[in-house]
Amino acid sequence: RVQVCLETGGRPLNAEVDLWQGPDNAPQKMRVYLEDGAMRPFSAVVESPGAGNAIAIRNTAPMEFPLNAYVEADNQGPG
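Just so you know, these numbers come straight off a predicted model, no measurement behind them. Position numbers for residues count from 1 along each chain, tracking the sequence in the order it is written. Totals for whole chains, interfaces and linings use all residues, but because this is a predicted model, local features are given only for residues with pLDDT of at least 70 and pairs of side-chain atoms are given and counted only at 80 or more. Side-chain measures here rest on the full set of heavy atoms in the structure, leaving out hydrogens and waters.

Caption draft 1: Representation of the overall build of the protein within the structure. When its secondary structure is counted, the protein shows zero helices and six strands. Each helix (α) and strand (β) of the protein, taken in turn from the N terminus, gives the series β-β-β-β-β-β. Taken over the C-alpha atoms alone, the protein extends approximately 35 × 30 × 15 Å along its principal axes. Burial status follows relative accessibility: with a 1.4 Å probe on protein chains alone, a residue under 20% of its type maximum counts as buried, one over 50% as exposed, and anything between as partly exposed. The buried share among the 79 residues of the protein stands at 27%. Contacts are assigned to residue pairs with any non-hydrogen atoms lying within 4.5 Å of each other. Intrachain contacts of the protein at a sequence separation of at least 6 include 71% that bridge at least 24 residues. Split by element, the accessible area of the protein, about 5500 Å² in all, is 51% carbon and sulfur. Averaged over its 6 positive side-chain charges, the protein has a centre that lies 5 Å from the centre of its 10 negative ones. Numbering of helices and strands runs from the N terminus, with a helix taken as a DSSP run of H or I at least four residues long and a strand as a DSSP run of E at least two residues long. Note that accessible areas follow from Shrake-Rupley with a 1.4 Å probe, and for residues the cover is restricted to the protein chains shown. Charge assignment: positive for Lys and Arg, negative for Asp and Glu; neither His nor the chain ends contribute. Note on charges: their place is set at NZ of Lys, CZ of Arg, CG of Asp or CD of Glu.

Take a look at the structure:
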């Protein structure tokens, strides 16, 4: 399980979040758009079963609209 948080300094947020599960699988994709990334930041918990997973975050907004991305893994076992 991985928590992904995206925010901006009050600007629009436009991003793609991909979950890669192994080298031969197509990624699971999310597109995120917010008018104000400071007032309404994006947060999601993504299930990532098994090992060898990767999260890719891509800012698809113009360069004038940077974003802050925070990713935290939940390394605790079940229970």
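Caption draft 2: Expanded view of the nonpolar core. We call a set of buried Ala, Val, Leu, Ile, Met, Phe, Trp, Tyr and Cys residues a nonpolar core when their side-chain atoms join them within 4.5 Å. Within the largest apolar cluster, 13 residues are counted, with the highest numbers of intra-cluster contacts made by Val4, Leu6, Leu13, Ala15, Val32, Leu34 and Phe42. Secondary-structure elements contributing two or more residues to this core are strand 1 (2–7), strand 2 (13–21), strand 3 (28–34) and strand 4 (42–46). No other element matches strand 2, which puts four residues into this core. Aside from chain neighbours lying at most four places away, what touches Phe42 is Val4, Cys5, Leu6, Met30, Val32 and Leu34.

Caption draft 3: Broad picture of the sheet that holds strand 4. The criterion for strand pairing is that DSSP finds at least two bridges linking the strands in question. With respect to topology, three strands assemble into an open sheet ordered 4-1-6, the strand pairing being antiparallel. A single partner strand is all that each edge strand has here, and the edge strands are strand 4 and strand 6 (68–73). Shown here is a sheet whose adjacent strand axes are inclined to one another by a mean of 15°, direction ignored. Where strand 1 lies against strand 4, five bridges are found, and the strand directions are antiparallel. Residue Gln3 lies in a different strand from strand 4, and its bridge partner there is Val45. To obtain an axis, a line is fitted to C-alpha atoms, over the contacting stretch when the element is a helix, and the angle between two such axes runs from 0 to 180 degrees between their N-to-C directions.

Caption draft 4: Looking closely at the pattern of salt bridges. Salt bridges are identified by distance alone: a Lys or Arg side-chain nitrogen within 4 Å of an Asp or Glu carboxyl oxygen. Inspection of every chain in the model, using the stated rule, returns five salt bridges. The residue Glu16 makes a salt bridge to Arg31 at a minimum N-O spacing of 3.5 Å. Taken together, the residues span a long stretch of sequence, with Glu16 in strand 2 and Arg31 in strand 3 at a distance of 15 residues. The buried category is assigned to Glu16, whose relative accessible area is 14%. Notably, a salt bridge pairs Asp18 with Lys29, separated by 3.5 Å at the nearest N-O pair.

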